[in-house]
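These are the residues of each chain, in order.
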Amino acid sequence: MSRRPGDSPVIAIYPGTFDPITNGHLDIIERGSRLFERVIVAILENYEKSPLLTLPERKGLIVEATERLGNVTIEAFDGLLADYARSRGASVIVRGLRAISDFEYEFQMGLMNRRLNPEMETVFMMPSEAYSYVSSRLVKEVVALRGSVTGLVPEAVERMIESRVGAVKRKAASKGRGGKP
Ligand code: PNS
């Protein structure tokens, strides 16, 4: 990225539900932190899917997993992402693309966000192929069925999700397939 002296620092927002954060999300955060001066991980607060983990739990896990990255901060947001990005002076929205199946939803969202905030660009980044099949939804499903997710999520996430196996099972049973993580 070519930048001139005096250009203002590029602030990127990496938004999501993060229920829970996975190593795929972390891979994108690390890549973003090398590319942009500042990355704000923005957790959607008021989420209709009723997350398994509370907002403070999701936030705590992300803070712990990213503490070694000096230019990454964690916040919660509510309402339109385009408005929140404007309020933070962010010019970039980062989203991870794992596979073609992610593309349609991400493309629609990117174009809608551009319409809502034309000064903002959505930048799609690929996680390491080692995480191309990892999603928060699958992690919860595997834990609910007593499978191992070691190496797919930070250890603290693994412990927290495993301690909620009962709740995870009820959530997994009440949800269909499809959608993004
Ligand atoms: O991790 P997710 O669930 O794929 O993240 C989706 C998220 C939080 C990025 C998206 O739902 C969002 O931005 N919601 C905020 C409300 C909003 O701005 N809606 C219009 C998006 S085009």
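Up top is the structure these notes are about.
Conventions we followed
By convention here, each chain's residues receive numbers from 1 onward along its written sequence. With the structure being a predicted model, the display of local features is reserved for residues of pLDDT at least 70 and the display and counting of side-chain atom pairs for 80 or more, all residues being used for whole-chain, interface and lining totals. By the criteria applied, helices consist of DSSP H or I runs no shorter than four residues and strands consist of E runs no shorter than two, each listed in order from the N terminus. As a rule, any residue with its backbone-derived C-beta atom within 6 Å of a molecule or strand is reported as near that molecule or strand. Under this grouping Gly is polar, as are all residues other than the nonpolar Ala, Val, Leu, Ile, Met, Phe, Trp, Tyr, Cys and Pro and the charged Asp, Glu, Lys and Arg. To get an axis, fit a line to the C-alpha atoms, keeping to the stretch in contact for a helix; angles then go from 0 to 180 degrees between the N-to-C directions. Every angle not falling under 35 degrees, over 145, or within 65 to 115 is termed oblique; those three ranges are roughly parallel, roughly antiparallel and roughly perpendicular. The contact criterion used here is simple: two residues whose C-beta atoms, placed from the backbone, lie within 7 Å are in contact. Counts of 20 or more other C-beta atoms within 10 Å of a residue's own C-beta define buried residues, counts of 12 or fewer define exposed ones, and intermediate counts define partly exposed ones; C-beta atoms are placed from the backbone. An expected span of 1.5 Å times one less than the residue number is assigned to each helix. Any two strands are treated as partners once DSSP identifies two or more bridges connecting them.

### A closer look at unusual backbone geometry
Alright, step 1. Asp19 connects to Pro20 through a cis peptide bond whose omega is 5°.
Alright, step 2. Its place among the elements puts Pro20 in the loop between β1 (11-16) and α1 (23-35).
Alright, step 3. Even without being a glycine, Phe18 presents a positive backbone phi close to 55°.
Alright, step 4. You can see Phe18 is positioned in the loop between β1 and α1.

### Considerations on the site of the ligand
Alright, step 1. Close to the ligand lie 11 residues; Gly16, Thr17, Leu44, Leu81 and Met112 are nearest.
Alright, step 2. For the shell around the ligand, the leading source of residues is helix α4 (residues 100-116), giving three residues.
Alright, step 3. Here the shell around the ligand is built from residues that sort into seven nonpolar, three polar and one charged.

### A word on the packing of helix α2 (residues 55-66) against helix α6 (residues 155-163)
Alright, step 1. The contact between α2 and α6 brings their axes to 9 Å, and the two run at 155°. Between α2 and α6, the angle falls in the class roughly antiparallel. Of the residues in α6, those touching α2 at Glu57, Leu61 and Glu64 are Ala156, Val157 and Met160.
Alright, step 2. In the contact of α2 with α6, the residues fall into four nonpolar, no polar and two charged.

### Quick word on the environment of Ala65
Alright, step 1. Within the element layout of this structure, Ala65 appears in helix α2.
Alright, step 2. C-beta crowding within 10 Å serves as the criterion here: with 24 such atoms nearby, Ala65 is assigned to the buried category.
Alright, step 3. Measuring from C-alpha to C-alpha, the distance between Ala65 and Leu26 comes to 7.7 Å, with 39 residues separating the pair along the chain.
Alright, step 4. Dropping the residues within four chain positions of it, Ala65 is found in contact with Ile21, Leu26 and Pro154.

### Digging into α1
Alright, step 1. Helix length check: α1 (13 residues) gives 18 Å between terminal C-alpha atoms against 18 Å at 1.5 Å per residue, within 8%.
Alright, step 2. Along its buried surface, α1 packs onto β1, β2 (38-44), α2, β3 (72-77), β4 (92-96) and β5 (121-125).

### Comments concerning the sheet that holds β2
Alright, step 1. The five strands are arranged β3-β2-β1-β4-β5 in an open sheet whose pairing can be described as parallel. With partners counted over all chains shown, the strands left at the sheet margins are β3 and β5, one partner each. Averaged over all neighbouring strand pairs, the angle between strand axes comes to 30°, with direction disregarded.
Alright, step 2. As judged from the six bridges shared by β2 and β3, these two strands associate in the parallel manner. Residue pairing for β3: Val41 is matched across the bridge by Ile74.
Alright, step 3. Across the sheet, α1 touches β1, β2, β3, β4 and β5, and the angle it forms with β1 is around 170°.

All we've got here are geometric facts, nothing functional implied.
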